[in-house]
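# Summary of structural features
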Amino acid sequence: QDYQPIAGTLGAGTVAALLDDAGTRAISVDGAGRVHVWDVSAPVAGGGTYPELGTHGGVLPPVSPGAGVRLARSVDGKTLYLVGDAALVVLPLGG
């Protein structure tokens, strides 16, 4: 099968990201610690950014994970883990 590269961004300041199992949504965290969900199956918007789903501008977790953030998702896709040098933050994800 031929694959065509798709050029799009997940927004300015993205420091970590992961894809869902279907490859249609990306979850990212930016340098301010906000969590974003993106529709990477949709055409990119003006400026080459994928459409953001949910809360525009992202959601700020109740506790900062600190620097060096890494993301992981639970096997069932319902929980997001943010791990940094200061904390492990557990957030529920929709569906």
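Look a little higher up for the structure.
Residues numbered from 1 in each chain as written. Predicted model: local features only at pLDDT ≥ 70, side-chain atom pairs only at ≥ 80, totals over all residues. Heavy atoms only, no water.

Note that Ser 28 resides in strand β2 (residues 25-30). What makes Ser 28 buried here is its relative accessible area of 0%. Here Trp 38 takes part through its side chain, which lies 2.8 Å from a polar atom of the side chain of Ser 28. With residues near it in sequence (within four places) discarded, Ser 28 still touches Leu 10, Thr 14, Ala 16, Ala 17, Arg 34, Val 35, His 36, Trp 38 and Leu 71. (Helix = DSSP H or I, 4+ residues; strand = E, 2+ residues; numbered from the N terminus. Buried < 20%, exposed > 50% of the residue type's maximum accessible area, 1.4 Å probe, protein only. Polar contact = N/O pair within 3.5 Å; in protein donor to acceptor, adjacent residues only side chain to side chain. Contact = heavy atoms within 4.5 Å.)

In this section: the sheet that holds strand β7 (residues 88-92). Overall, antiparallel pairing links the three strands, which are arranged β5-β6-β7 in an open sheet. Both outer strands of the open sheet, β5 (70-73) and β7, are each paired with one neighbouring strand and no more. For this sheet the average axis-to-axis angle between neighbouring strands, irrespective of direction, equals 20 degrees. One ladder, built from four bridges, connects β5 with strand β6 (residues 79-83); its direction is antiparallel. Directly across from Leu 71, in β6, lies its bridge partner Leu 82. (Pairing = 2+ DSSP bridges. Axes fitted to C-alpha atoms, helices over the stretch in contact; angles between N-to-C directions.)

The tendency in soluble globular proteins is for nonpolar side chains to be buried as a group. Grouped together as the largest cluster of nonpolar side chains are 13 residues, with contacts concentrated most on Ile 27, Val 29, Val 35, Leu 71, Leu 80, Leu 82 and Leu 91. Elements with a contribution of two residues or more to this core: β1 (14-19), β2, β3 (35-39), β6 and β7. Those residues in contact with Leu 82 that lie beyond four places of it in its chain are Val 29, Val 35, Pro 61, Pro 65, Val 69, Arg 70, Leu 71, Ala 87, Leu 88, Val 89 and Leu 91. With five residues, the next largest nonpolar core counts Leu 10, Ala 26, Trp 38 and Tyr 50 among its residues. (Core = buried A, V, L, I, M, F, W, Y, C linked by side-chain atoms within 4.5 Å.)

Moving on: a nonpolar patch on the surface. Side chains of Val 83, Leu 88 and Val 90 sit close together on the surface and give an oily, nonpolar patch of about 260 Å² of accessible area. As for its position among the elements, Leu 88 is in strand β7. (Patch = residues over 30% accessible without salt bridge, like charges linked within 9 Å, V, L, I, M, F, W, Y side chains within 5 Å. Areas by Shrake-Rupley, 256 points an atom, 1.4 Å probe, with all protein chains shown as cover. Salt bridge = Lys/Arg side-chain N within 4 Å of Asp/Glu carboxyl O.)

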